[in-house]
Amino acid sequence: MSTPTAIKPQKPWLATPKERAINAATIVGSAIATYGLVAITPLKGKLAYFALYFIIYIAADFFIHLASRGISAGKDAIARGVVTLGLVVALLPILSILVTVFNRGRGGLHWGLLTHDMKMNSVNDPINQGGLLHALTGTSILVLIALVISLPIGILTALYLTEIKGRFAGPIRFLVQAMSGVPSIVAGLFILSAIVYPLTKAYSGFVGSLALSILMIPTIARTSEEVLLLIPNDLREAGVALGGTQWRTVAMVVLPAARTGLVTAVILGIARVAGETAPIVLLTGGGETVNANPFSGPMGSLPFYIWKSFAVGSAESVTRAWAGIFVLIVIVLILFVTARFLSERKTSR
Amino acid sequence: MSQTLVEPMKSPPPPRELTSVPRFSDRVFRGVVTSGGLSSLVILGLIFAFLTYQGFSVLRSQGFYFITGSEWALITDDAGNMIADQTKFGIAAMLIGTILCSLVAVVIAVPISVFSALFLNFYASPRLKKFMVAVIDLMAAFPSILFGLWGFFVLMPSVEYWGKLLHKYLGFIPFFKMEVPVFTRSPFVAGVVLAVMIIPIITSVAREIFSQTPLDRVQAAYALGATRWAMIKAVALPYGRSGVVGGAMLGLGRAMGETVAVYTVLNIVYQVNWHILVGAGGNVASMILLKFGDAGPAEIKALMAAGLVLFLLTLIVNSIANFIVKRTGKSGR
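A quick note: this is a predicted structure, and the numbers were derived from the prediction, not measured. (Residues numbered from 1 in each chain as written. Chains lettered and ligands numbered in written order. Predicted model: local features only at pLDDT ≥ 70, side-chain atom pairs only at ≥ 80, totals over all residues.)

Quick notes on the overall build of chain A
Quick note on the threshold: Starting at the N terminus, helices and strands are each numbered in turn, a helix being any DSSP run of H or I of at least four residues and a strand any DSSP run of E of at least two. Radius of gyration means the value over C-alpha atoms here, while the globule rule gives 2.2 Å times the residue count to the 0.38 power. Burial is judged by counting the other C-beta atoms within 10 Å of a residue's own C-beta: 20 or more makes it buried, 12 or fewer makes it exposed, and any count in between marks it as partly exposed, with every C-beta position built from the backbone.
When you go through chain A residue by residue, the secondary structure sums to 13 helices and zero strands. When the helices and strands of chain A are placed in sequence order, the string is α-α-α-α-α-α-α-α-α-α-α-α-α. Over its C-alpha trace chain A gives a radius of gyration of 28 Å, far above what one expects of a compact globule, namely 20 Å for 349 residues. C-alpha extents for chain A along the principal axes are approximately 90 × 70 × 45 Å. Burial status across chain A gives 45% buried among its 349 residues.

Laid out in C-alpha cells, this is it:
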C-alpha cells in the first residue's frame with residue numbers, strides 16, 4: 001500500500017524565482033544604464049538621473065513583458081511603471097519638506113521656546129533668547145474658538161445634505177462646495193469689512209477665529225457629508241424600523257457609525273486652519289506677549305510669528321521662522337498621529 | 001373538537017395610532033438641521049454683501065476698468081486726499097497672474113495625483129497603501145506658509161533649472177517665450193509650488209473615488225482575463241472620472257486663492273505677464289496682502305473690491321466645475 005502523498009500547496013500567482021531574478025536584473029540594469037548614459041551624454045544633475053532611470057526601467061520592463069507574454073502584458077508593465085513614478089513624484093516633496101524643516105529648524109530650537117515670549121526681544125536677537133509661548137497659546141485659542149463655531153455648523157450642514165435631503169439639498173451642496181473655494185484672504189477681508197471696521201475697530205483673536213471658522217466649516221461639512229454618505233442606508237432603515245424617530249436614528253445609529261470619519265473631519269478642519277496665515281495677518285495684529293483674552297488686544301500666533309520672522313530676512317530671524325515651522329509641524333504631526341490612532345482603535349473593535 | 005394553543009387575550013391592547021405627522025422631537029431636529037444647513041448660504045451672502053458694500057464706491061468710479069485695466073495708482077493731492085478722477089485701480093494684471101499660476105499648478109498636479117491614486121488602490125500592498133495614505137494625508141495638513149518657505153529656499157533653484165530647460169527646448173510656444181532671461185521667482189515657480197500643495201488634495205479625492213470602484217466589476221474584469229491596466233482602463237477610470245474632476249476642481253480653487261505661498265515665492269510686479277517663465281507676476285490674493293500693509297482708507301476700499309472679484313472668480317470656477325462633475329458623474333455610472 002502506498003501512502004497517499006500530500007500535495008504541496010502551490011501559489012501560482014506569486015512570482016517564480018526566475019521572474020524575481022529578471023525583475024531585480026531590470027532594476028539594477030537600468031540603474032547601470034542610467035549611470036552610463038549620464039556619464040557619456042551632456043545630461044547632468046539629479047533630475048537627469050531620476051528621469052532617465054524611470055524611462056529606461058519602464059522601457060526595459062515593457063520589452064521583457066512584451067517578449068514573454070505579449071502586448072497587453074507590455075502595456076500593463078508601462079502602466080505599472082508610470083503609476084509608480086506618479087507616487088514617487090508625489091512623495092518627493094514631502095520628504096524634502098521634512099528633511100528641510102528638520103535641518104533648518106534644528107538650529108533654532110531650545111527649551112526656552114516653550115516658556116518665553118518675544119516681549120523683551122526682537123527677532124534679530126540671538127536665537128537662544130525669546131520664544132514661542134505667545135504664539136503657541138494664541139494659535140491654540142484661535143483654533144479652539146474656530147472649532148467650537150464650525151463643528152456644529154459643519155456637521156449640521158452635512159446632516160441636512162444626507163439625512164434630511166430637503167428641497168434645498170442640491171443648492172446647499174453647491175454652496176458648500178463654493179464656500180470651500182473661498183480664498184483665505186477673502187475670508188479675512190470679509191471679517192474686516194463686516195466686523196472689524198463697523199464694530200470692534202481693533203485687532204483681536206476672536207475676529208481671527210471668525211475668519212478661520214469660515215475656512216473650517218466647508219472642510220468639516222464636506223468631509224462629514226462624504227462619510228455620512230458611506231453609511232449604508234440599511235442602518236437608517238433598521239433604526240426607523242425598530243421604531244426610532246429620525247432624530248434617534250441619526251443620533252444613536254448614523255453618527256456613531258460615522259464617528260471615525262467625523263474625527264477625521266475635525267482633524268482635517270484643524271489642519272486646514274492651524275497654519276493659515278493670510279487672515280491672521282489681516283486680523284489678529286500679532287502681539288509679542290502672551291494674551292489669553294481673545295476679545296481684546298493683539299494675539300500672536302505661530303503663522304504670524306513665522307511670517308514676520310521670515311519677512312525680516314536676517315539670518316537669526318529666518319532661523320526663528322524655521323524653528324517656528326518646526327514646532328508647527330510637530331503639532332500637526334501629533335494631531336495627525338492621534339487622529340490615526342483613535343480611528344484605528346475604533347475600526348479594529 | 002379543536003383546541004386553541006394560545007389563549008385569546010381578554011382585552012387586546014389598543015392599536016397604536018398610525019400617523020405620518022413627525023413627532024415633536026423630529027420637527028425640532030429637522031428645524032435645527034435645516035437652519036444649520038442654510039448657514040453656508042447666509043455666510044456666502046454676507047461675504048458678497050459686505051465686500052460689495054465696502055468696494056462699491058471704487059467699483060462705481062472705476063467701472064469696467066477695474067477688471068480690464070492693469071494700472072494701480074493712487075493719486076493724492078497735497079493734503080493726502082484721493083483725487084478720484086486721476087486715481088486708477090485696475091486688477092487685470094493680477095487676474096491674469098492668478099489664472100496662469102493656478103493653471104500651471106493643475107496641469108502639473110492632476111496626472112501625478114491620478115497616478116498615485118491608481119498606484120495606491122490597485123498596485124500597493126495593503127500595508128504600503130496604509131502608510132502612503134497617511135503620509136499623503138499628512139502632507140495635505142501642512143500649512144501654506146511652510147510650502148512658501150520650502151518653495152523659496154529649496155524648490156526654487158531646481159525649478160529655475162527646469163524653467164531654463166523648458167525655455168531652451170519649448171521656447172517656440174508663446175507661454176515659454178521670454179525677452180529678458182530672468183528665471184527667478186517666476187509664475188512657473190509659483191505654479192510648481194502650488195502644484196505640490198494641491199497634489200495631496202487631488203490624490204486623496206481620487207483615491208477615495210477609486211477605492212469605491214464596485215468590486216464585482218473589478219473581479220469581472222479580472223475574470224475575463226484583463227491585466228491590471230486593462231481593468232483600470234475599463235472599470236476604474238470610467239467610474240472615477242467625475243471624482244477626479246472634482247478633486248482637480250478642489251485643487252484649482254485652492255490654487256487660485258492661495259495667498260501666502262505665492263506671496264513668498266513670486267516676485268510681485270504689477271504688470272501683465274503672459275510668459276510664465278519670466279520672473280514677474282502676482283495673483284490677486286497676494287496683491288491684496290502686499291498692498292494691505294500700508295493702504296489708506298481709499299485703497300482699502302479698492303482692495304475690498306479686488307477681494308470681491310477674487311471671490312466671484314472662485315465662485316464661477318467652482319460652478320463650472322460643479323456642472324462638469326454632475327454631467328460626467330451621470331455618464332460615468
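This is not the end of the story, as more comes after the structure.
Thoughts on the environment of B:Val193
All names here are of chain B. For clarity, the threshold we go by: Contact between two residues is assigned whenever their backbone-derived C-beta positions fall within 7 Å.
Tracing the sequence through the fold places Val-193 in helix α7 (residues 187-211). Owing to 29 C-beta atoms within 10 Å, Val-193 belongs among the buried residues under this scheme. Here the alpha-carbon distance between Val-193 and Met-156, two residues 37 residues apart in the chain, equals 8.7 Å. Beyond its immediate chain neighbours, meaning those up to four positions away, Val-193 contacts Phe-147, Gly-151, Leu-155, Ala-261 and Val-265.

Observations concerning the UniProt feature "transmembrane region" (unreviewed entry) in chain A
Residues and elements named next belong to chain A. The criterion, for reference: UniProt positions are given in the numbering used here, feature names are shortened, and annotations may be inferred rather than shown by experiment.
With numbering aligned to this structure, UniProt lists the feature "transmembrane region" (unreviewed entry) at residues 21-41, 47-66, 78-102, 141-162, 174-197 and 321-342. Between the C-alpha atoms that bound residues 21-41 there is a distance of 29 Å. The span itself is 95% helix and 0% strand. A distance of 32 Å separates the end C-alpha atoms of residues 141-162, which is 100% helix and 0% strand.

Regarding the domain arrangement of chain A
Filter applied, for reference: What marks off one domain from the next here is an automatic or database domain assignment.
What the domain assignment lists for chain A is domain 1 (17-106) and domain 2 (133-348). The distance between the C-alpha centroids of domain 1 of chain A and domain 2 of chain A comes to 39 Å.

Re the UniProt feature "domain: ABC transmembrane type-1" (unreviewed entry) in chain A
UniProt's feature table lists "domain: ABC transmembrane type-1" (unreviewed entry) at residues 136-339 of chain A, given in the numbering used throughout. Secondary structure over residues 136-339 of chain A splits into 80% helix and 0% strand, and the C-alpha atoms at its two ends are 20 Å apart.

Concerning helix α7 (residues 205-230) of chain A
All names here are of chain A. Note the cut-off: Expected span of a helix: the number of residues minus one, times 1.5 Å. What the bend at a residue measures is the angle between two axes, fitted to the seven residues ending there and to the seven starting there.
Taking 1.5 Å of rise per residue, 26 residues should cover 38 Å, and α7 covers 37 Å from first to last C-alpha, within 8% of that figure. The principal kink in α7, of about 30°, is found at Leu-215, preceding the proline Pro-218 by one to four residues. For α7, a buried count of 23 out of 26 residues is recorded, marking the element as mostly surrounded by other parts of the structure.

Details of the packing of helix α6 (residues 184-200) of chain A against helix α2 (residues 39-62) of chain B
The cut-off we apply is this: Each axis is a line fitted through C-alpha atoms, and for a helix only the stretch in contact is used; angles between axes span 0 to 180 degrees, taken between their N-to-C directions. Should an angle lie under 35 degrees it is considered roughly parallel, over 145 roughly antiparallel, and from 65 to 115 roughly perpendicular; all remaining angles are considered oblique. In this scheme the handedness of a crossing depends on how the near helix is turned from the far one: anticlockwise by less than a right angle means left-handed, clockwise means right-handed.
Between α6(A) and α2(B), whose axes approach to 9 Å, the crossing angle comes to 65°. For the element pair α6(A) / α2(B), the angle class is roughly perpendicular. Crossing geometry of α6(A) relative to α2(B) is assigned as left-handed. Here A:Val186, A:Leu189, A:Phe190, A:Ser193 and A:Ala194 of α6(A) come into contact with α2(B), specifically with B:Leu46, B:Ile47, B:Phe50, B:Leu51 and B:Gln54.

What about the packing of helix α3 (residues 71-106) of chain A against helix α4 (residues 92-122) of chain B?
The contact between α3(A) and α4(B) brings their axes to 7 Å, and the two run at 110°. Between α3(A) and α4(B), the crossing angle belongs to the class labelled roughly perpendicular. Once α3(A) is placed against α4(B), the crossing between them reads as left-handed. Where α3(A) abuts α4(B), its residues A:Val82, A:Val83, A:Thr84, A:Leu85, A:Gly86, A:Leu87, A:Val89 and A:Ala90 lie against B:Pro111, B:Ile112, B:Ser113, B:Phe115, B:Ser116, B:Leu118, B:Phe119 and B:Leu120.

Brief notes about the UniProt feature "transmembrane region" (unreviewed entry) in chain B
Residues and elements named next belong to chain B. Here, the residues flagged by UniProt with the feature "transmembrane region" (unreviewed entry) are residues 28-51, 91-124, 131-156, 188-210, 272-290 and 302-325. Measuring from the first to the last C-alpha atom of residues 28-51 gives 34 Å, for a span that is 96% helix and 0% strand. Helix makes up 88% of residues 131-156 and strand 0%. Its end C-alpha atoms lie 29 Å apart.

Structural notes on α2(B)
Residues and elements named next belong to chain B. With 24 residues, α2 extends 33 Å from end C-alpha to end C-alpha; this agrees with the ideal 34 Å at 1.5 Å per step. If you look at α2, its biggest bend is around 60°, right at Gly-55. Those residues of α2 not exposed but buried are Ser-39, Ser-40, Ile-43, Ile-47, Phe-50, Leu-51, Gln-54, Gly-55, Val-58 and Gln-62. Backbone geometry just after α2 places Gly-63 at a positive phi near 60°.

Some words on the environment of A:Val186
Mapping A:Val186 onto the fold places it in helix α6. Taking the C-alpha atoms as reference points, A:Val186 and A:Ala278, 92 residues apart in sequence, are found 9.1 Å from one another. Beyond its immediate chain neighbours, meaning those up to four positions away, A:Val186 contacts B:Ile47, B:Gly257, B:Gly307, B:Leu310 and B:Phe311.

A look at the interface of chain B and chain A
Threshold: For this classification, the nonpolar set comprises Ala, Val, Leu, Ile, Met, Phe, Trp, Tyr, Cys and Pro, the charged set comprises Asp, Glu, Lys and Arg, and every other residue, Gly included, is treated as polar.
Counting residues at the interface gives 73 residues for chain B and 72 residues for chain A. Classifying every residue of the side of chain B that touches chain A by side-chain character gives 49 nonpolar, 20 polar and four charged.

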